[in-house]
There are 2 protein chains.
Amino acid sequence: MNSSTARVTSEQACPIAPVLDIVFSRWTTPILWTLNEYGVQRFVQLHRNVGTITAKVLTQRLRQLERDGLVVRTYHPEIPPRVEYEISELGRSLAPLFAHLADWSADNLPRVERARQEFDGAGGPTVGH
Amino acid sequence: MNSSTARVTSEQACPIAPVLDIVFSRWTTPILWTLNEYGVQRFVQLHRNVGTITAKVLTQRLRQLERDGLVVRTYHPEIPPRVEYEISELGRSLAPLFAHLADWSADNLPRVERARQEFDGAGGPTVGH
DNA sequence: CAGTATCCTTCAGGATACTG
DNA sequence: CAGTATCCTGAAGGATACTG
């Protein structure tokens, strides 16, 4: 195995790979975003606010976020039960990053749109082949 | 449909949702990262450097990136053919964002790790239930 | 209310073989 | 070399029904 044939793992190829699973799994950004915007919410409220997600998947993602320390779950043993979800301090530390992303989006999404139209108009990769 | 029952789309719930498909689709960050680090590369080189990705999927992702204007593909009609991939200016504009992400990772990945161990050690969500 | 438990479908992505 | 063409599998996620 020499350096010209060695295959590399995606983690080696990309130092930010590990974070992606944590922060950018499906539904995690809508969940974190609404928790950050609207504060503490019960399960049903979150369900309504996060969009067209099923209860099963919402639960799965919330468990993952709780496990990773980005969200705090509080169970109140009442009847009927009350469960509240809140973004943690660690979760809140993502806010500047999300803002950065929103800025990039505002600045460059139009360029992406134009690139797509050119590409589609020209009819595929690299005209002439 | 009143405000207490209205269901919302994930795009409404999360302004950054549209960018995620563009920038954080699977394999896009390793591809962009290596193109940014090592400069212009031919298909096979990229294939070696990006990690354990198949040629088919690499082609798919490269097409998407080209279409979105993040990558430039140059076809040289020789025999054998030579194709070179390069990150575009638009693609390069993501560098600060990726750096931000790398910083967050360096600062907070350990916290995530600890949170996971606590969660797993405690045996699931919210002890007591 | 806040979830589970099942069943089911889809489809991204891998393996393999082939081509201009 | 730089891909495409096929086939195939597993795992994510939706629909639905049920429970403490």
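Visitor: How do you make sense of the overall build of chain A when you look at a structure like this?
Guide: In terms of helices and strands, chain A carries 7 helices and 3 strands. Walking chain A from its N terminus toward its C terminus, one meets helices and strands in the order α-α-α-β-α-α-β-β-α-α. Against the globule reference of 14 Å for 129 residues, chain A gives a C-alpha radius of gyration of 20 Å, more extended than a compact globule. Taking the principal axes of its C-alpha atoms as reference, chain A extends roughly 70 × 45 × 30 Å. Scored against the burial criterion, the 129 residues of chain A give a buried share of 43%.

Visitor: How should the protein's contact with DNA strand D be read in this particular structure?
Guide: By nearness alone, 18 residues border DNA strand D, and Lys56 and Arg61 of chain A together with Val44, Arg73 and Tyr85 of chain B come closest of all. For DNA strand D, the backbone portion of the atoms within 4 Å of the protein, that is sugar and phosphate, comes to 75%. Arg61 of chain A places a polar side-chain atom, nitrogen or oxygen, 2.9 Å from a phosphate oxygen of DNA strand D. At a separation of 2.9 Å, a phosphate oxygen of DNA strand D approaches a polar side-chain atom of Arg73 of chain B. When contributions to the surface near DNA strand D are tallied by element, the ones reaching two or more residues are α5 (55-67) of chain A together with α4 (43-50), α5 (55-67) and β3 (82-87) of chain B. The residue inventory of the surface near DNA strand D, partitioned by class, reads 8 nonpolar, 2 polar and 8 charged.

Visitor: Can you walk me through the sheet that holds strand β2 (residues 71-76) of chain B in this structure?
Guide: Two modes of strand pairing occur in sheets, parallel and antiparallel, and in both the strands are linked by backbone hydrogen bonds. Residue and element names in this part refer to chain B. Read from one edge to the other, the open sheet built from 3 strands follows the order β1-β3-β2, with strand pairing classed as antiparallel. The sheet is open, and its two borders are formed by β1 (41-42) and β2, each paired with just one other strand. By the bridge criterion, 6 bridges tie β2 to β3 in an arrangement that is antiparallel. Paired with Val72 across the strands is Glu86, a residue of β3. In the packing of helix α3 (residues 28-38) onto the sheet, contacts are made with β1, β2 and β3, and the angle to β3 comes to roughly 95°. Along the sheet face, α5 touches β2 and β3 and points at about 110° away from the line of β2.

Visitor: Explain the protein's contact with DNA strand C here, please?
Guide: Near DNA strand C you find 18 residues, and of these Val44, Arg73 and Tyr85 of chain A together with Lys56 and Arg61 of chain B are the closest. In the model, a phosphate oxygen of DNA strand C is placed 2.9 Å from a nitrogen or oxygen of the Arg73 of chain A side chain. Those elements that place two or more of their residues in the surface near DNA strand C are α4 (43-50), α5 and β3 (82-87) of chain A together with α5 of chain B. Residue composition of the surface near DNA strand C, grouped by class: 8 nonpolar, 2 polar and 8 charged.

Visitor: Honestly, the nonpolar core in this entry has me stumped. Any pointers?
Guide: Taken as a class, soluble globular proteins show a tendency for nonpolar side chains to be buried jointly. Core analysis: the largest hydrophobic core is formed by 62 residues, its most contacted members being Phe24 and Phe98 of chain A together with Phe24 and Phe98 of chain B. Once residues within four sequence positions are removed from consideration, Phe24 of chain A is found in contact with Val19, Thr29, Phe98 and Leu101 of chain A together with Leu20, Phe24 and Leu101 of chain B.

Visitor: When you look at α5 of chain A in this model, what are you seeing that I'm missing?
Guide: Helical geometry: 3.6 residues make up each α-helical turn, so side chains three or four residues apart lie on a common side. Over its 13 residues, α5 of chain A extends 18 Å from the first C-alpha to the last, a length consistent with the 18 Å expected when each residue adds 1.5 Å. Restricting attention to buried positions, one finds in α5 of chain A the residues Leu58, Leu62, Gln64, Leu65 and Glu66 of chain A. In this structure, the buried side of α5 of chain A is in contact with α2 (17-23), α3 (28-38), α4, β2 (71-76) and β3 of chain A together with α7 (95-122) of chain B. Remark: Gly69 of chain A follows α5 of chain A within two positions and exhibits a positive phi of approximately 80°.

Visitor: What am I meant to see in the packing of α4 of chain A against α5 of chain A here?
Guide: Think of two packed helices as two axes; the pair is described by the angle between the axes and how far apart they sit. All names here are of chain A. At a closest axis distance of 11 Å, the pairing of α4 and α5 adopts a crossing angle of 105°. Relative to α5, the element α4 lies roughly perpendicular. Listed contacts from α5 to Phe43, Leu46 and His47 of α4 are Ala55, Leu58, Thr59 and Leu62. Taken together, the residues that form the contact of α4 with α5 break down as 5 nonpolar, 2 polar and no charged.

Definitions and limits used
- Residues take numbers from 1 onward in each chain, read along the sequence in its written order.
- Working convention: letters from A go to chains and numbers from 1 go to ligands, in the order in which they are written.
- Totals for whole chains, interfaces and linings use all residues, but because this is a predicted model, local features are given only for residues with pLDDT of at least 70 and pairs of side-chain atoms are given and counted only at 80 or more.
- Just so you know, side-chain values use all the structure's heavy atoms and leave hydrogens and water out.
- Each helix is a run of H or I in the DSSP string that is no shorter than four residues. Each strand is a run of E no shorter than two, and both are numbered from the N terminus.
- When we talk radius of gyration, it's over C-alpha atoms, and the globule rule is simply 2.2 Å times the number of residues to the 0.38.
- In this scheme, a residue with accessible area under 20% of its type's maximum is buried, one over 50% is exposed, and one in between is partly exposed, where area comes from a 1.4 Å probe on protein chains only.
- Any residue with a heavy atom positioned within 4 Å of a molecule or strand is treated as near that molecule or strand.
- Definition of a polar contact: a pair of N or O atoms within 3.5 Å, with one able to donate and the other able to accept a hydrogen when the atoms are protein atoms, and with sequence-neighbouring residues admitted only if both atoms are side-chain atoms.
- Residue type decides the class: Asp, Glu, Lys and Arg count as charged, Ala, Val, Leu, Ile, Met, Phe, Trp, Tyr, Cys and Pro as nonpolar, and the leftover types, Gly among them, as polar.
- Note on pairing: DSSP must find at least two bridges between two strands before they are called paired.
- Note on contacts: a residue pair qualifies if any of its non-hydrogen atoms lie within 4.5 Å across the two residues.
- Throughout, an axis means a line fitted to C-alpha atoms (over the contacting stretch in the case of helices), and angles, computed between N-to-C directions, take values from 0 to 180 degrees.
- Residue types Ala, Val, Leu, Ile, Met, Phe, Trp, Tyr and Cys, when buried and joined through side-chain atoms within 4.5 Å, form a set referred to as a nonpolar core.
- Multiplying 1.5 Å by the helix residue count minus one yields the expected span of that helix.
- To sort the angles, those under 35 degrees are grouped as roughly parallel, those over 145 as roughly antiparallel, those from 65 to 115 as roughly perpendicular, and the leftovers as oblique.

Such coordinate-based values are descriptive only and should not be taken to indicate function.
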